[in-house]
Amino acid sequence: MRSIQTPVIIASVQRGAEVLGDIEIFARCVDKPVIAITGSNGKSTVTSLVGEMVRQANYSAGVGANLGIPALDLIESSPDVYVLELSSFQLETTYSLNAQASTILNISEDHMDRYSSLKEYAQAKAIIFNGNGVVVINAEDPIVNAFAKELTDDRTVYRFKLSEPENDHEFGVLNVAGLNWLARGDDKLFPVTDLKIKGQHNVANALAALALGTAVNLPISAMLNALRIFPGLPHRSQWLTEKDGVTWYNDSKGTNVGASLAAIAGIPANKLLVILGGLGKGQDFSPLREPLAVRARHVFLLGEDAKKIAAAIDGAVPFTYVKDLDEAVVQAKLLAQAGDAVLLSPACASFDMFTGYEHRGEVFMQRVKAHNP
């Protein structure tokens, strides 16, 4: 999708042309409730989980846009509720979407090859808050919170965070007798240990989904049923196998630094062996340095921007350049110790070596299976 800053588009606007994206056309055609979800990371998981919550409440859900079915194709089925994952690219040309509930899950560097700054990227995301619907805010993300302060006083705002919620407009984590619970205010809702999706980032995703479902008045029983059965999505901190005390995870959807930081923090293991690299999209890789120094035993680097990552982590953790995923798997198996985990979470796009993150993840799964019979 071309940027609105492309010279030909700028020239067309100057001549009076209207620039419409697919989501703008969608917004002009539908009259059913819309739940709109964006963020640098976690949006596919939250979109799919909210879609399951809608279905558990016995409503039909049209789930798609940047995920799966294109938004305009959803209109034909006329679902009760639309649940849309929206990218910054789509939001750039969206003007009249008025979602009943909307969220920016988080903001971290991504697509810096398209945007002049993190601020410009974040401002594209913030278009999702247009209208008068309920807004769901990540209370622990300073950029998202800054946008929340710009909302008018008549907007209803729910917040989610990984600490204890302070009131009924906050969703967080309560520790009761040593057990962590997803909670709304003082009300325990669901034991964290019962989530099939693992890691602190997925706890946050579950809380965001609960807030969105609450915003559109889904029954709590339906939302908890969805949490109980939702298995997560492929290529997102996906457990693959355990062999000789070493666990293997596929997080090929980790296409930016923020996503990989979440996976590095969330995967349970004594030490990690992390596979990084690909197309960096102009990102700053330095935030990886300290978490890898603490959690990683070794890092394997591949792809076009391997040397840029190496420069950012040099001296913090041992690393090796590898030519492909097969070599990474072979080397990781040699170095891993019982209690470790091997994690593919590249922090980069995949198009230098693969057709997409799905292809990259599938190749990784094949190689893991081949070397761990």
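Residue positions are counted from 1 within each chain, in the order its sequence is given. Residue-level local features of this predicted model are given only where pLDDT is at least 70; pairs of side-chain atoms are given and counted only at 80 or more, and the full residue set underlies all totals for whole chains, interfaces and linings. With hydrogens and water stripped out, all remaining heavy atoms of the structure feed into the side-chain values.

Hey, could you run me through the sheet that holds strand 9 (residues 187–191) in this one?
The strands that make up a sheet pair up through hydrogen bonds in the backbone, lying either parallel or antiparallel. Two strands pair if DSSP finds at least two bridges between them. Each helix corresponds to a stretch of at least 4 residues labelled H or I by DSSP, and each strand to a stretch of at least 2 residues labelled E; elements are numbered beginning at the N terminus. Ordered by their spatial adjacency, nine strands build an open sheet running 2-3-1-4-5-6-7-8-9, and the pairing between neighbours is mixed. Of all strands in the sheet, those with a lone pairing partner are strand 2 (61–65) and strand 9, marking the two edges. Averaged over all neighbouring strand pairs, the angle between strand axes comes to 25 degrees, with direction disregarded. Pairing analysis gives two bridges linking strand 6 (residues 157–160) to strand 7 (residues 170–176), with the strands arranged parallel. Across the sheet, residue arginine 159 finds its bridge partner in strand 7, namely glutamate 170. Note on definitions: a residue-residue contact is assigned when non-hydrogen atoms from the two residues lie within 4.5 Å. To obtain each axis, a line is fitted to C-alpha atoms, and for helices this fit is confined to the stretch in contact; angles are then taken between N-to-C directions over 0 to 180 degrees. Contacts from helix 3 (residues 43–56) reach strand 1 (34–38), strand 2 and strand 3 (81–85), with the element oriented near 170 degrees to strand 3. Along the sheet face, helix 8 (residues 200–215) touches strand 1, strand 4 (101–104), strand 5 (134–138), strand 6, strand 7, strand 8 (179–184) and strand 9 and points at about 130 degrees away from the line of strand 7.

Would you take a moment to explain the sheet that holds strand 15 (residues 341–344) for this structure?
The six strands lie next to each other as 10-11-15-12-13-14, forming an open sheet whose pairing is mixed. Edge positions in the open sheet fall to strand 10 (238–243) and strand 14 (319–321), since each of these has one partner strand only. Each strand of the sheet is rotated relative to its neighbour by a mean of 20 degrees, with strand direction disregarded. Pairing analysis gives four bridges linking strand 11 (residues 246–250) to strand 15, with the strands arranged parallel.

Which parts of the structure should I look at to understand a negative patch on the surface?
Together, Glu164, Asp168, Asp186 and Asp187 make up a region of like negative charge exposed at the surface. Note on placement: glutamate 164 falls in the loop between strand 6 and strand 7. We call a residue buried when its accessible area falls under 20% of the maximum for its residue type, exposed when it is over 50%, and partly exposed in between, using a 1.4 Å probe and counting protein chains only. The exposure class assigned to glutamate 164 is exposed, which follows from its relative accessible area of 52%. Residues enter patches when they are more than 30% accessible in relative terms and free of salt bridges; like-charged ones are connected within 9 Å and nonpolar ones (Val, Leu, Ile, Met, Phe, Trp, Tyr) within 5 Å. Accessibility throughout is a Shrake-Rupley quantity obtained with a 1.4 Å probe, and a residue counts as covered only by protein chains that appear here. Any Lys or Arg side-chain nitrogen located within 4 Å of an Asp or Glu carboxyl oxygen qualifies as a salt bridge. For this count, His and the chain ends are skipped, Lys and Arg are scored as positive, and Asp and Glu as negative. Think of each charge as sitting on NZ of Lys, CZ of Arg, CG of Asp or CD of Glu.

What should I look at first to understand helix 9 (residues 220–229) in this one?
A turn of α-helix holds 3.6 residues, and therefore any two residues three or four places apart point the same way. Looking only at helix 9, the buried set comprises Ala222, Met223, Leu224, Ala226 and Leu227. In this structure, the buried side of helix 9 is in contact with helix 3, strand 8, strand 9 and helix 8.

Could you clarify how one ought to interpret the packing of aromatic side chains in this entry?
What characterises a pair of aromatic rings is the spacing of the ring centres plus the angle enclosed by the ring planes. Two aromatic rings, drawn from Phe, Tyr or Trp (for Trp, its six-membered ring), form a pair once their centres lie within 6.5 Å of each other, and the interplanar angle then sorts them: stacked below 30 degrees, edge-to-face above 60, tilted otherwise. Under the definition given, this model contains five aromatic pairs. With 6.4 Å between their ring centres and 50 degrees between their planes, phenylalanine 89 and tyrosine 115 make a pair best called tilted. Separated by 26 residues along the polypeptide, phenylalanine 89 in helix 5 (residues 88–91) and tyrosine 115 in the loop between strand 4 and helix 6 (118–126) bring together distant segments of the chain. Relative accessible area serves as the criterion here: at 6%, tyrosine 115 is assigned to the buried category. Here phenylalanine 319 and tyrosine 321 contribute two aromatic rings whose centre-to-centre distance is 5.9 Å and whose plane-to-plane angle is 80 degrees, an arrangement assigned as edge-to-face. Here phenylalanine 319 falls in the partly exposed class, since its relative accessible area comes to 25%. Taken together, the ring pairs connect Phe89, Tyr115 and Tyr121 into an aromatic cluster. Cation placement over rings: the criterion is NZ of Lys or CZ of Arg within 6 Å of the ring centroid and within 35° of the ring normal. The ring of phenylalanine 89 has arginine 114 sitting right over it, with the charged end atom 3.7 Å from the ring centre.

So what exactly am I meant to see when it comes to the packing of helix 8 against helix 9 here?
Put simply, helix 8 and helix 9 touch, their axes get as near as 10 Å, and they point 155 degrees apart. Classified by the angle between their axes, helix 8 and helix 9 sit roughly antiparallel to one another. Crossing geometry of helix 8 relative to helix 9 is assigned as right-handed. Across the interface between the two elements, Ala206, Leu210, Gly213 and Thr214 of helix 8 pack against Ile220, Met223, Leu224 and Leu227 of helix 9. Tallied by class, residues from the contact of helix 8 with helix 9 come to six nonpolar, two polar and no charged. Reported orientations rely on four angle classes, namely roughly parallel under 35 degrees, roughly antiparallel over 145, roughly perpendicular from 65 to 115, and oblique for the rest. Handedness of a crossing is defined here by the sense of rotation of the near helix relative to the far one, left-handed for an anticlockwise turn of less than a right angle and right-handed for a clockwise turn. Side-chain classes follow a simple rule in which Ala, Val, Leu, Ile, Met, Phe, Trp, Tyr, Cys and Pro form the nonpolar group, Asp, Glu, Lys and Arg form the charged group, and the remainder, Gly included, forms the polar group.

Whenever I open this one, a nonpolar patch on the surface confuses me. Can you help?
A cluster of nonpolar side chains, namely Leu20, Ile25, Leu72 and Tyr95, defines an oily patch on the protein surface of about 320 Å² accessible area. Inspection of the secondary structure assignment puts tyrosine 95 in the loop between helix 5 and strand 4. When its relative accessible area of 43% is taken as the criterion, tyrosine 95 is described as partly exposed.

Sorry if this is basic, but what is going on with unusual backbone geometry here?
Glycine aside, residues mostly have negative phi angles, and peptide bonds mostly take the trans form. With phi around 90 degrees, alanine 65 is a residue other than glycine that occupies positive phi space. Position of alanine 65 relative to the elements: it lies in strand 2. Alanine 65 sits in the buried class, given a relative accessible area of 11%. A positive phi angle, close to 55 degrees, is found at alanine 177, a residue other than glycine. One can find alanine 177 in the loop between strand 7 and strand 8.

How should I be thinking about the nonpolar core in this particular structure?
For soluble globular proteins, nonpolar side chains are generally found buried alongside one another. Among the nonpolar cores identified, the biggest contains 45 residues, and Ile35, Met53, Leu182, Leu210 and Leu227 are the most heavily contacted of them. Per-element accounting of this core gives the leading share, 10 residues, to helix 8. Setting aside its immediate chain neighbours within four residues, leucine 210 contacts Met53, Phe171, Leu182, Leu189, Ile220, Met223, Leu224 and Leu227. Remark: nonpolar core denotes a set of buried residues (Ala, Val, Leu, Ile, Met, Phe, Trp, Tyr, Cys) joined through side-chain atoms within 4.5 Å. With 31 residues, the next largest nonpolar core counts Leu84, Ile107, Ile128 and Phe147 among its residues.

How should the environment of serine 96 be read in this particular structure?
Checked against the element boundaries, serine 96 lands in the loop between helix 5 and strand 4. Within polar-contact distance, the side chain of serine 96 engages the side chain of glutamate 24 at 2.6 Å. Side-chain atoms alone can form a polar contact between residues adjacent in sequence; in general such a contact is a pair of N or O atoms within 3.5 Å, and within protein one must be able to donate a hydrogen while the other accepts it.

These figures come from the coordinates and say nothing about function on their own.
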